[in-house]
Amino acid sequence: MSPVRPRNPRKTVITAILGLGLAAGLVAAPSAAAGDDGVAAPLRSSAQYSGQEDQAQNQAFFDAVLKSVAGKRAATGNSAAVVTVTYSAASAPTFRTQIARSAQIWNSSVTNVRLQEGSNPDFRYYEGNDSRGSYASTNGHGSGYIFLDYRQNQQYNSTRVTAHETGHVLGLPDHYSGPCSELMSGGGPGPSCTNPNPNATERARVNQLWRNGLAALGASAAS
């Protein structure tokens, strides 16, 4: 079954991808294809499964997500301490249970951001087959998505995979050399690791990012 792909964004940008990929190294991205509006798809790069994280790519992903949500806050005048980020699981029906569980895990772990399923989502989940495995992607304009690979979710604990990729949307980078107790170590500890929960450091980091980072970006967007 071919993966369900999101529609292409209206602007051509460089997209950062962070994932729990199966490949031992970088794999070639698919060729850019024109969307309904005739605009080519954004360029994409893949995170390695070998444990060699790209720090610049990690930062680009985080910056893009924060700018997108900060813009939404500025547009709606939302100054609440808790930022609500809306997602859609409609295009990943096979993983609806894992997605809901992942949102529940993050909502019970952090206090400054809340994940909520609904219409007009900030990011979407998709499912299918991809040699790179599962990954999170954003173009920084509110059209981010998480792709869940069938094969990988059979090999690894699916709730952990989903919670890990969702962690990217919340601003956390990969850290494959970490222990199983660290959610963002992803596939590093191997398939036997089934922990779907962020550790204390990861929880604190997300709270810090969404408290301070969004406040700063929100002030910039409003000026």
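Higher on the page you've got the structure.
Cut-offs and rules
- Residues numbered from 1 in each chain as written.
- Predicted model: local features only at pLDDT ≥ 70, side-chain atom pairs only at ≥ 80, totals over all residues.
- Heavy atoms only, no water.
- Helix = DSSP H or I, 4+ residues; strand = E, 2+ residues; numbered from the N terminus.
- Buried < 20%, exposed > 50% of the residue type's maximum accessible area, 1.4 Å probe, protein only.
- Contact = heavy atoms within 4.5 Å.
- Areas by Shrake-Rupley, 256 points an atom, 1.4 Å probe, with all protein chains shown as cover.
- Phe/Tyr/Trp six-rings, centres within 6.5 Å; stacked < 30°, edge-to-face > 60°.
- Pairing = 2+ DSSP bridges.
- Disulfide = S-S within 2.5 Å.
- Expected span 1.5 Å × (residues − 1).
- Salt bridge = Lys/Arg side-chain N within 4 Å of Asp/Glu carboxyl O.
- Right-handed = clockwise from strand over helix to strand, strands pointing away.

A.B. asks: Would you take a moment to explain the overall build of the protein chain for this structure?
C.D. replies: The secondary structure content of the protein chain amounts to 5 helices and 7 strands. Counting from the amino terminus, helix and strand elements in the protein chain follow one another as β-β-α-β-α-β-β-β-β-α-α-α. Scored against the burial criterion, the 223 residues of the protein chain give a buried share of 50%. Here the contacts in the protein chain between residues at least 6 apart in sequence split such that 68% fall between residues at least 24 apart. Split by element, the accessible area of the protein chain, about 10,100 Å² in all, is 51% carbon and sulfur.

A.B. asks: Help me understand the packing of aromatic side chains, please; the structure alone is not making it clear to me.
C.D. replies: The geometry of an aromatic ring pair is captured by the separation of the ring centres together with the interplanar angle, meaning the angle of the planes. Across all of its chains, the model carries 7 aromatic pairs by this definition. Residues Tyr87 and Phe123 carry aromatic rings whose centres are separated by 6.0 Å and whose planes lie at 35° to one another, so their mutual orientation is tilted. Taken as a pair, Tyr87 in strand β3 (residues 83-91) and Phe123 in strand β5 (residues 123-128) lie far apart in primary sequence, 36 residues in all. Neither residue differs from the other here; Tyr87 and Phe123 are each classed as buried. Members of the aromatic cluster, connected to one another through ring pairs, are Tyr126, Tyr135, Tyr145 and Phe147.

A.B. asks: Please explain the pairing of strand β7 (residues 144-149) as it appears in this structure.
C.D. replies: Put simply, side chains in a regular strand alternate between the two faces of the sheet. Within β7, 6 of the 6 residues are buried, leaving the element largely enclosed by the surrounding structure. Along β7, one buried face is formed by Gly144, Ile146 and Leu148 and the opposite face, lined by Tyr145, Phe147 and Asp149, is buried too. As paired elements, β5 and β7 share 6 bridges and run parallel to each other. The partner of Arg124 across the bridge, within β7, is Tyr145.

A.B. asks: Help me understand the state of the cysteines, please; the structure alone is not making it clear to me.
C.D. replies: As used in these notes, a disulfide is a covalent bond between sulfur atoms, one from each of two cysteines. In total, this model carries 1 disulfide according to the counting rule given. Disulfide pairing is shown between Cys180 and Cys193; the S-S distance is 2.1 Å. Negative torsions about the S-S bond denote left-handed disulfides, and the value of about 90° found for Cys180 with Cys193 makes this one right-handed. With Cys180 in the loop between α4 (158-169) and α5 (200-222) and Cys193 in the loop between α4 and α5, the pair connects residues that are 13 residues apart, well separated along the chain. With a relative accessible area of 27%, Cys180 lands in the partly exposed category. Given the relative accessible area of 3%, Cys193 is considered buried.

A.B. asks: Whenever I open this one, helix α2 (residues 96-109) confuses me. Can you help?
C.D. replies: Given 3.6 residues per helical turn, the α-helix brings residues three or four places apart onto the same face. The terminal C-alpha atoms of α2, which comprises 14 residues, lie 20 Å apart, in line with the 20 Å expected from a rise of 1.5 Å per residue. When we look at burial in α2, the residues that qualify are Gln98, Ile99, Ser102, Ala103, Ile105, Trp106, Asn107 and Ser109.

A.B. asks: For this particular structure, what's the right way to read the pattern of salt bridges?
C.D. replies: Close approach of charged atoms lets side chains of opposite charge pair. If you walk through the whole model with that rule in mind, you get 2 salt bridges. Residues Arg132 and Asp130 are paired through a salt bridge, measuring 2.8 Å at the closest nitrogen-oxygen approach. Each member of the pair, Arg132 together with Asp130, is buried.

A.B. asks: Could you clarify how one ought to interpret the pairing of strand β4 (residues 113-117) in this entry?
C.D. replies: Bridge analysis of β3 against β4 gives 5 bridges, and the strand direction is parallel. Looking at β4, one finds that Thr86 is bridged to Gln116. Of the crossover connections in this fold, the one passing from β3 over α2 to the parallel β4 is right-handed.

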